[in-house]
Amino acid sequence: MPVINKLISRFKKLKTSRKVSIALFSAFIIFAQITSILCAISILNFSQLLSNIKIPSGYTYLNLDIYTPEDMAVEVPYEIKNPGIYDLTNIKISLALRLNYINASNHANITSLIFSKISLIGRCKAFSKLIDYFNGTFADFIIPPLIDFFDNADEFEMVNYLIDIEFNAEYFYGLIKFHFAEYNLNLFEI
């Protein structure tokens, strides 16, 4: 009889450990499914997120008055909509402004960088919208090319104001890092 009692107690222990194993395995499967569903939702929301970033999102203000340099300014509106379930973090916008004009003395086509600035925006929370202006002041302008422009530009030729925009951000707890850029956009044709 003691042998039979030992076998019965072993069977009861095995039955208990099997129940624990099944419970742990079931919990793992459920956790894996929930995680994969959240990853799929974040990827779908990420694709929507990219189409909801607008820089510039409206009219751009530009003041190039070198006679009163303290009034020189650039204001570029932007709109970032985050329809996702995760925050958009470490947002950084880089903006450069160039002039393309014809030199009156030698009829050369000149392109000069006159403005450059990087701005850290921070964060756009989930299911929210961030609307603001990218602001630049006199300190962000590069003055020598501006003076050359005002001294040498042909007044009868068209001037193109070109803008370069770079956007960096992180999504899904910093696991998805992305960057996109647009170069040579004509500022007044956007």
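To be clear, the structure that these remarks concern was listed above.
What counts and how
Note on numbering: residues in each chain are counted from 1, in written sequence order. Whole-chain, interface and lining totals are the exception, using all residues; otherwise, since this is a predicted model, local features are given only for residues with pLDDT of at least 70 and side-chain atom pairs are given and counted only at 80 or more. Side-chain numbers here rest on the full set of heavy atoms in the structure, without hydrogens or water. Numbered from the N terminus, helices here are DSSP runs of H or I no shorter than four residues, and strands are runs of E no shorter than two. For each residue, the accessible area found with a 1.4 Å probe, counting protein chains only, is set against the maximum for its type, and the residue is called buried under 20%, exposed over 50%, and partly exposed in between. A contact between two residues is defined here by any heavy atoms of the two lying within 4.5 Å. With residues, only the protein chains shown are counted as cover, and all accessible areas are computed by Shrake-Rupley using a 1.4 Å probe. Strand pairing requires that DSSP identify at least two bridges connecting the strands. Note on method: axes are straight lines fitted to C-alpha atoms, helices fitted across the in-contact stretch only, with angles between N-to-C directions ranging 0 to 180 degrees. Each nonpolar core is a collection of buried residues, namely Ala, Val, Leu, Ile, Met, Phe, Trp, Tyr and Cys, held together in the definition by side-chain atoms within 4.5 Å.

Novice: How should the overall build of the chain be read in this particular structure?
Specialist: In terms of regular secondary structure, the chain is built from 2 helices and 8 strands. In sequence order, the secondary structure elements of the chain are arranged as α-β-β-β-β-β-β-α-β-β. With 190 residues in all, the chain has 34% of them scored as buried. Excluding contacts between residues fewer than 6 apart, the proportion of contacts in the chain whose partners are at least 24 apart in sequence is 68%. Carbon and sulfur atoms provide 60% of the accessible area of the chain, an area that totals close to 12,200 Å².

Novice: Sorry if this is basic, but what is going on with the sheet that holds strand β7 (residues 160–171) here?
Specialist: Within a beta sheet, neighbouring strands are joined by backbone hydrogen bonds and run either parallel or antiparallel to one another. Within the open sheet, the 4 strands sit side by side as β5-β4-β7-β8. Their pairing is antiparallel. Each end of this open sheet is capped by a strand with a single partner; those strands are β5 (109–124) and β8 (176–186). Direction aside, neighbouring strands of the sheet carry axes that sit 10° apart on average. Strands β4 (88–102) and β5 of the sheet are contacted by helix α2 (residues 143–152), whose axis makes an angle of about 30° with β4.

Novice: What am I meant to see in the nonpolar core here?
Specialist: The nonpolar side chains of a soluble globular protein tend to be buried with one another. The biggest cluster of nonpolar side chains holds 35 residues, and the ones touching the most others in it are L88 and F167. Going through the elements one at a time, β3 (73–82), β4, β5, α2 and β7 are the ones with two or more residues in this core. Take this core: its biggest share by element is 7 residues, from β4. Aside from chain neighbours lying at most four places away, what touches F167 is I53, I55, I80, I91, K92, I93, F178, H179 and F180.

Novice: Please clarify how unusual backbone geometry should be interpreted in this entry.
Specialist: What is expected of a backbone is that most residues other than glycine have negative phi and most peptide bonds are trans. Each neighbour pair has its own omega, and for I55 with P56 the value is -15°, a cis peptide bond. When you line up the elements, P56 lands in the loop between β1 (53–54) and β2 (61–63). A positive phi is found at F172, a non-glycine position, where the angle reads about 55°. Mapped onto the secondary structure, F172 falls in the loop between β7 and β8.

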